[in-house]
Amino acid sequence: MDLRIFTEPQQGATYETLLTVAKATEDLGFDAFFRSDHYLKMGDVDGLPGPTDAWITLAGLARETKRIRLGTLMTAATFRLPGVLAIQVAQVDQMSGGRVELGLGAGWFEAEHKAYGIPFPKEKFARLEEQLAIVTGLWSTEVGKTFDFHGTHYDLTGSPALPKPAQPKIPVLIGGHGATRTPRLAAQYADEFNMPFSGIEDTKRQFARVRAAAEAAGRADAITYSNALVVCVGKDDAEVARRAAAIGREVDELKTNGLAGSPAEVVDKIGRYAETGSSRIYLQLLDLSDLDHLELISSQVQAQLS
């Protein structure tokens, strides 16, 4: 089971804070550092000092880290034109020496679009599908040849399809709860399917849908399955309660909806997700100032899983 650290910087984090967490992620032996792609805070936090851009952040981290994978859960298709996104991600992949992964989703948070003047189209899923075709198509076009795409929402003619990533293929992550269109898109484009913030039974159902779609598409063994879950671990009940209070959550709710409790409790629950076929967990770390939390997860949770 791979453990990856997943951050939500729109809730309040500077680049320096993210760099500190990313370096700790690497030093403590975690597999990857991922971040959300949002421009507006959510819930009862001040969000200060304000948002950081996902791909600018990852470009910086690409030069400051050596081993960990770097990526997004999920880049919003509404934020960037697909040709521009393909260039950005390929460049960051080059800057990292081939350690980038792209999580791409339709975009959903209307308030952040209004706050920063970003169009929020009614039909988002069809745009996502075209973006996936364009981004992957640009990367896979042979050097010296051109790429064309004529869709409903995007039109590319004679693109040189440059630059190329450092990796032969940048892994593409698709996720979500949709029962029909999401599994179909995952079967066609995903290297990894991620189930966000869901219980065991919902995970089983959605993984089964994606597996069935992947088998029908002839890609039965091509997809890695993963979960994203909030994490709150403590050596004892008091430490768990303190960490839950620091992120404005209740312990019982966290135990129900995430990975919370003692290291033994969390290892046991991760094992239950592993039984669904999940082989990777993105640990949503909400208090980025608590590096002791990371160290505890590394020494008491990750060590048992490895």
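Note on numbering: residues in each chain are counted from 1, in written sequence order. Two thresholds apply to this predicted model, a pLDDT of at least 70 for residue-level local features and 80 or more for giving and counting side-chain atom pairs, whereas whole-chain, interface and lining totals are computed over all residues. As a rule here, side-chain values come from all non-hydrogen atoms in the structure, and water together with hydrogens is ignored.

Student: How should the overall build of the protein be read in this particular structure?
Tutor: Numbering of helices and strands runs from the N terminus, with a helix taken as a DSSP run of H or I at least four residues long and a strand as a DSSP run of E at least two residues long. A tally of regular secondary structure across the protein gives 11 helices and 12 strands. Here the C-alpha radius of gyration of the protein, 19 Å, is about what a compact globule of 306 residues would show, namely 19 Å. C-alpha extents for the protein along the principal axes are approximately 60 × 45 × 35 Å. Exposure classes here rest on a 1.4 Å probe applied to the protein chains alone. A residue is buried below 20% of its type maximum, exposed above 50%, and partly exposed in between. Residues classed as buried in the protein amount to 53% of the 306 residues present. Residues count as neighbours in contact if any of their non-hydrogen atoms are within 4.5 Å of one another. Taking the contacts inside the protein whose residues are at least 6 apart along the sequence as the reference set, 74% of them involve residues at least 24 apart. The protein chains shown are the only cover counted for residues, whose accessible areas, like all others here, come from Shrake-Rupley with a 1.4 Å probe. Carbon together with sulfur atoms contributes 51% to the accessible area of the protein, which is approximately 13,300 Å² in total. A radius of gyration in this sense is built from C-alpha atoms; the matching globule rule multiplies 2.2 Å by the number of residues raised to 0.38.

Student: Even after reading the chapter, I still don't get the pattern of salt bridges, so can you show me in this structure?
Tutor: It is possible for side chains of opposite charge to pair when their charged atoms get near one another. A pair is scored as a salt bridge if a Lys or Arg side-chain nitrogen falls within 4 Å of a carboxyl oxygen belonging to Asp or Glu. According to the stated counting rule, one finds 20 salt bridges in the structure shown. A salt bridge links Arg4 to Asp31, with the shortest nitrogen-to-oxygen separation between them at 2.6 Å. Residue Arg4 is located in strand β1 (residues 2–7), and its partner Asp31 is located in the loop between α1 (15–27) and β2 (32–35); the two are separated by 27 residues in the primary sequence. Notably, a salt bridge pairs Arg243 with Glu239, separated by 3.1 Å at the nearest N-O pair. With Arg243 and Glu239 both in helix α8 (residues 237–246) and four residues apart, the pair spans about one turn of that helix. A single burial state applies to Arg243 and to Glu239, both of which are buried. Connected via shared salt-bridge partners are Lys235, Glu239, Arg242, Arg243 and Asp290.

Student: Explain α8 to me, please; I cannot follow it from the model alone.
Tutor: One full turn of an α-helix is made of 3.6 residues, so residues set three or four places apart face in the same direction. Residues of α8 that are buried: Glu239, Val240, Arg243 and Ala244. Taken around the axis of α8, the buried residues stretch over an arc of 135 degrees, which confines them to a single face. Residues of α8 that are exposed and point over 90 degrees away from its buried face: Asp237, Ala238, Ala245 and Ala246. In this structure, the buried side of α8 is in contact with β10 (224–233), α9 (251–257), β11 (259–261) and α11 (291–305). Here a polar contact is recorded for every N or O atom pair within 3.5 Å, except that within protein the pair must consist of a potential hydrogen donor and a potential acceptor, and residues adjacent in sequence are included only if both atoms are side-chain atoms. At the N-terminal boundary of α8, the capping side chain belongs to Asp236, with an oxygen 3.3 Å from the backbone nitrogen of Ala238. Immediately beyond the C-terminal end of α8, within one or two residues, lies Gly248, with a positive phi of roughly 70 degrees. Here the arc refers to the set of directions running from the helix axis out to each C-beta atom.

Student: Mind showing me how you'd approach the nonpolar core here?
Tutor: A general trend in soluble globular proteins is that nonpolar side chains are found buried together. Buried Ala, Val, Leu, Ile, Met, Phe, Trp, Tyr and Cys residues that are joined via side-chain atoms within 4.5 Å together make up what is termed a nonpolar core. If you look at the biggest cluster of nonpolar residues, it comprises 73 residues, and the most contacted ones within it are Trp55, Trp139 and Leu283. With eight residues, helix α5 (residues 125–140) is the single largest residue contributor to this core. If near-sequence neighbours (up to four positions away) are discounted, Trp55 is found in contact with Thr72, Thr75, Arg80, Leu85, Val89, Val92, Val100, Glu101 and Leu102.

Student: In this structure, what is going on with the pairing of strand β8 (residues 172–175)? I would like to understand it.
Tutor: Successive residues of a regular strand alternate their side chains across the two faces of the sheet. When DSSP finds two or more bridges between two strands, those strands count as paired. Bridging between strand β5 (residues 100–105) and β8 involves two bridges; their strand directions are parallel. Considered in β8, the bridge of Leu102 is made with Val172.

Student: Help me understand the environment of Val266 in this model?
Tutor: If you trace the backbone, Val266 turns up in helix α10 (residues 263–274). Residue classification places Val266 among the buried positions, given a relative accessible area of 2%. In this structure, the C-alpha to C-alpha distance between Val266 and Ala220, residues 46 residues apart in sequence, is 30 Å. Look past the residues within four positions of Val266 in its chain and what remains in contact with it is Val233, Leu259, Ala260, Gly261 and Val301.

Student: Would you take a moment to explain the packing of α5 against helix α6 (residues 181–189) for this structure?
Tutor: Axes are the key here: two packed helices are described by the angle between their axes and the distance separating the axes. Following both chains from N to C, one finds α5 and α6 inclined at 5 degrees, their axes separated by 11 Å at the closest point. Taken together, the axes of α5 and α6 are roughly parallel relative to one another. Contacts between α5 and α6 pair Phe125, Leu128, Glu129, Leu132, Ala133 and Thr136 from the former with Arg181, Thr182, Arg184, Leu185, Gln188 and Tyr189 from the latter. Amino acids are sorted into nonpolar (Ala, Val, Leu, Ile, Met, Phe, Trp, Tyr, Cys and Pro), charged (Asp, Glu, Lys and Arg) and polar (every other residue, Gly among them). Across the contact of α5 with α6, the residue classes tally to six nonpolar, three polar and three charged. For helices, the fitted axis covers only the stretch in contact; all axes are lines through C-alpha atoms, and the angles between them, taken along N-to-C directions, range from 0 to 180 degrees. By definition in this entry, angles of less than 35 degrees are roughly parallel, angles greater than 145 are roughly antiparallel, angles of 65 to 115 are roughly perpendicular, and the rest are oblique.

Student: Can you walk me through unusual backbone geometry in this structure?
Tutor: Of all residues except glycine, most have a negative phi; of all peptide bonds, most are trans. Geometrically, the link from Leu48 to Pro49 is a cis peptide bond, its omega value of 10 degrees lying close to zero. Examined against the element boundaries, Pro49 turns out to sit in the loop between β2 and α2 (54–64). Residue Pro163 is reached from Leu162 by a cis peptide bond, and omega for that bond is 0 degrees. Position of Pro163 among the secondary structure elements: in the loop between β7 (155–159) and β8.

Student: Even after reading the chapter, I still don't get the packing of aromatic side chains, so can you show me in this structure?
Tutor: Two aromatic rings, taken as a pair, are described by how far apart their centres are and by the angle between their planes. Each Phe, Tyr or Trp ring (for Trp, its six-membered ring) is paired with any other whose centre lies within 6.5 Å, and the angle between the two planes then decides the class: stacked below 30 degrees, edge-to-face above 60, tilted in between. Scanning the model with the defined rule gives six aromatic pairs in all. Between Phe193 and Phe207 the ring centres are 6.3 Å apart and the planes differ by 80 degrees, which places this aromatic pair in the edge-to-face class. With a gap of 14 residues between them, Phe193 in strand β9 (residues 192–196) and Phe207 in helix α7 (residues 200–216) connect regions that are remote in the sequence. According to the relative accessible area criterion, Phe207 is buried, its value standing at 0%. Connected via pairs of aromatic rings, a cluster forms that spans Tyr39, Phe79 and Tyr116. Criterion for a charge above a ring: Lys NZ or Arg CZ within 6 Å of the ring centre, and within 35 degrees of the ring normal. Here the guanidinium or amino end of Arg181 rests over the ring plane of Phe125, the centre of that ring lying 4.2 Å away.

Function cannot be inferred from these measures alone, as they are strictly geometric.
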